[in-house]
Amino acid sequence: MIGLISATAAGAAARDRLAAAWPDRTRVYEGPVGDAVGAAFAQCEQLVCFLATGAVVRLVAPLLSGKTADPGVVCVDEGGRFAVSLVGGHAGGANELAREVAEVLGAEPVVTTATDAADLPGLDTLGLPVEGDVAGVSRALLDGEAVALRAEVAWPLPPLPVAAEGSYTIRLTDRLVETAERQVVLRPPSLVVGVGASKGAPVEEVLGLIEGVLREAGLSAASVAELATVDAKAEEPGIVEAARRVGVPLVTYSAGELAAVDVPNPSDAPLAAVGTPSVAEAAALVSGGELLVPKRKSAASPAMATCAVVRRPGRGRLAVVGLGPGARDLLTPRAKAELRRASVLVGLDQYVEQIRDLLRPGTRILESGLGAEEERARTAVEEARKGRAVALIGSGDAGVYAMASPALAEASDDIDVVGVPGVTAALAAGAILGAPLGHDHVSISLSDLHTPWEVIERRVRAAAEADIVVTFYNPRSRGRDWQLPKALDILAEHRAPTTPVGVVRNASRPDESARLTTLAALDPATVDMMTVVTVGNTATREIAGRMVTPRGYRWQEEPE
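Now for a description of the structure that goes with this document. From a predicted model like this one, the values you see are computed outputs, not experimental measurements.

### Comments concerning the pattern of salt bridges
As a working rule, side chains carrying opposite charge can pair if their charged atoms are close by.
And step 1. Using the criterion set out here, one finds 26 salt bridges in the structure.
And step 2. We note a salt bridge from Glu-30 to Arg-15, for which the minimum N-O separation is 3.7 Å. With Glu-30 in the loop between strand E2 (26-28) and helix H2 (33-43) and Arg-15 in helix H1 (residues 9-21), this residue pair connects regions lying 15 residues apart in the sequence.
And step 3. The exposure class of Glu-30 is exposed, given its relative accessible area of 59%.
And step 4. Judged by its relative accessible area of 8%, Arg-15 falls in the buried class.
And step 5. Where Arg-505 meets Asp-528, a salt bridge forms, and the shortest distance between an N and an O atom there is 2.8 Å. Residue Arg-505 is found in strand E24 (residues 500-505), and its partner Asp-528 is found in the loop between strand E25 (513-518) and strand E26 (531-535); the two are separated by 23 residues along the sequence.
And step 6. Overall, Arg-505 belongs to the partly exposed group, its relative accessible area being 29%.
And step 7. Counted as one network, the salt bridges with shared partners bring together Arg-364, Glu-383, Lys-386 and Arg-388.

### Quick look at the sheet that holds strand E11 (residues 191-197)
And step 1. Spatially, the five strands line up as an open sheet ordered E13-E12-E11-E15-E14, and their pairing is mixed. Two strands in the sheet have a free side with no partner beyond their single neighbour: strand E13 (250-253) and strand E14 (290-297). Taking the axes of each pair of neighbouring strands and ignoring which way they run, one obtains an average angle of 25 degrees across the sheet.
And step 2. As paired strands, E11 and strand E15 (residues 305-311) are joined by seven bridges and run antiparallel to one another. For Val-193, the partnering residue across the bridge sits in E15 and is Val-309.

### A word on H1
Working note: α-helix, 3.6 residues per turn, so residues spaced by three or four point in the same direction.
And step 1. Taking 1.5 Å per residue, 13 residues should reach 18 Å; H1 reaches 18 Å between its end C-alpha atoms and fits that length.
And step 2. Listed in full, the buried residues belonging to H1 are Gly-11, Ala-12, Ala-14, Arg-15, Leu-18 and Ala-19. Within H1, the buried residues cover an arc of 165 degrees as seen down the axis, which keeps them to one side. Turned more than 90 degrees away from the buried face of H1 sit Ala-9 and Ala-20, all of them exposed.
And step 3. Packing partners of the buried residues in H1 comprise strand E1 (2-6), E2, strand E3 (46-50) and helix H4 (94-105).

### Some remarks on the sheet that holds strand E7 (residues 130-132)
Hydrogen bonds between backbone groups are what pair the strands of a sheet, and the pairing can be parallel or antiparallel.
And step 1. One open sheet accounts for four strands, arranged E7-E10-E9-E8; its pairing is mixed. Two strands close off the open sheet at either side, each with one partner strand: E7 and strand E8 (147-151). Strand after strand, the sheet turns through a mean of 20 degrees between neighbouring axes, direction not considered.
And step 2. With four bridges joining them, strand E9 (residues 168-172) and strand E10 (residues 183-186) adopt parallel strand pairing. For Leu-172, the partnering residue across the bridge sits in E10 and is Leu-186.
And step 3. Sitting on the sheet, helix H6 (residues 134-142) touches E7, E8, E9 and E10, and the angle it makes with E9 is about 115 degrees.

### Considering the side chain of Thr-471
And step 1. Assignment of secondary structure puts Thr-471 in strand E23 (residues 469-473).
And step 2. Since its relative accessible area comes to 1%, Thr-471 is described here as buried.
And step 3. One polar contact links Thr-471 to Thr-534, side chain to side chain, over a distance of 3.1 Å.
And step 4. Ignoring sequence-local partners within four residues, the contact set of Thr-471 consists of Ala-426, Leu-437, Val-442, Ser-443, Ile-444, Val-532, Val-533 and Thr-534.

### Focus on the pairing of E23
And step 1. Among the five residues in E23, five count as buried, and that is most of the element.
And step 2. Both strand E22 (residues 441-445) and E23 contribute to a ladder of five bridges, which runs parallel. Bridge pairing in E23 links Ser-443 to Thr-471.
And step 3. Bridging between E23 and E26 involves three bridges; their strand directions are antiparallel. Its bridge partner lying in E26, Thr-471 is registered against Thr-534.

The rules behind the values
Residues numbered from 1 in each chain as written. Predicted model: local features only at pLDDT ≥ 70, side-chain atom pairs only at ≥ 80, totals over all residues. Heavy atoms only, no water. Salt bridge = Lys/Arg side-chain N within 4 Å of Asp/Glu carboxyl O. Helix = DSSP H or I, 4+ residues; strand = E, 2+ residues; numbered from the N terminus. Buried < 20%, exposed > 50% of the residue type's maximum accessible area, 1.4 Å probe, protein only. Pairing = 2+ DSSP bridges. Axes fitted to C-alpha atoms, helices over the stretch in contact; angles between N-to-C directions. Expected span 1.5 Å × (residues − 1). Arc of directions from axis to C-beta. Contact = heavy atoms within 4.5 Å. Polar contact = N/O pair within 3.5 Å; in protein donor to acceptor, adjacent residues only side chain to side chain.

All quantities given are derived from atomic positions and should not be read as evidence of function.
Rendered as structure tokens:
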């Protein structure tokens, strides 16, 4: 919950705007300001104070206990011009909250955290447990000193300006290691602990077994991602409480799923009890990985608990990102976030140039020229399979005549794939023309490089007969000058010569041009590959110089 505090009418007005925008996230604290700040500080994860920063400093100073425990605090000035991240920039989420508040209020976010100011991801913001000299290694990154990354486990990290060797080190490991001087240890959630237990097994026995096995194997409990067991033990109190104390979810599988897993130490006892010859080993192995610790029994007599430990492979992450039609303000916030998250960017060189300034320092760029779509898709998938965070970019929406199709054709279920939608050329052109896509519409590419012309022609004819608005992509190039006239002739068999046609070139870019013509008057020679052509249906009209297709097929009769 976010506590909102104000002292004046102007502050209350801005406060109420934020409360209206986030009704489920915020709570307004009334009364004397000191009491309100104290109550919100104790009860909320974050605070937004519509007060002077000096006043907030004096009010929260006696309440501060430590950066990992304090709520994030953001100050907004009386004029609503600035949203200042004051306390808890990383751990309390105040930096991101300042940006969100600024977006709602039309203010300027002010973030002074060093890593944010230098556009570097904070080592304590990566979503991984972190140990060691965070301040010292962060300072070395900021100062441009050589910082080595030693990844013992493949895991998708955001871009970091690291070197092969350096006097400072970031170590990514699930091993139980002590942090050395000038070193930070990041703990990836790479370990799965399979657990079996007899009915009524005490939590102390289950938890003691898990902790002892991890310690003896030299593995860090901070890297445990989940406990896993059979469905029949989903409510076994000792297992449930052990998962709660470790701070990880309890995942369960059916006896049939576990029985299908090949394990080194099957047993008749669990087969008779729950229907599978293995619980601990099979539950740990069912999702794949390397068995680090085979089944171990607890030391009690009789033993009531078993466990096994598996290291699961780090899953790479592939974000297929649509950049929109070209204008920076049509690039979505989600797309920007994925570009900043990726440690590897793959894309067409001219698209890379559009967004190069948005990338974090240390991002590795793999760019290529026109006509290498399949190669770029394969490269992106290969990089993700190495456990990296990858962004594969394309124009418009990545799923529309772009990179999503070849990438997903290459990708298997060994990586995570995220699609990031973008504004398509058809939508951008439609907004410029008016509302040509107000009813059913279809996009058809006239390029026969990947699709036989016979198939394209059949689709154009179907759209013509069905009276659907058509937007043509790739309408005409130097080597393909007859397809567009042919497609227009097919449409003309079913639509009047006066049917409105919109022609938009470089939609949303600085050299954008648009014109409205008719099916009979359109000169195909004026169209090129940077153009989209939208042909209306029998109900489309030109109204006040705009192309409009009604949502229904009944136009009100105009008075004579």
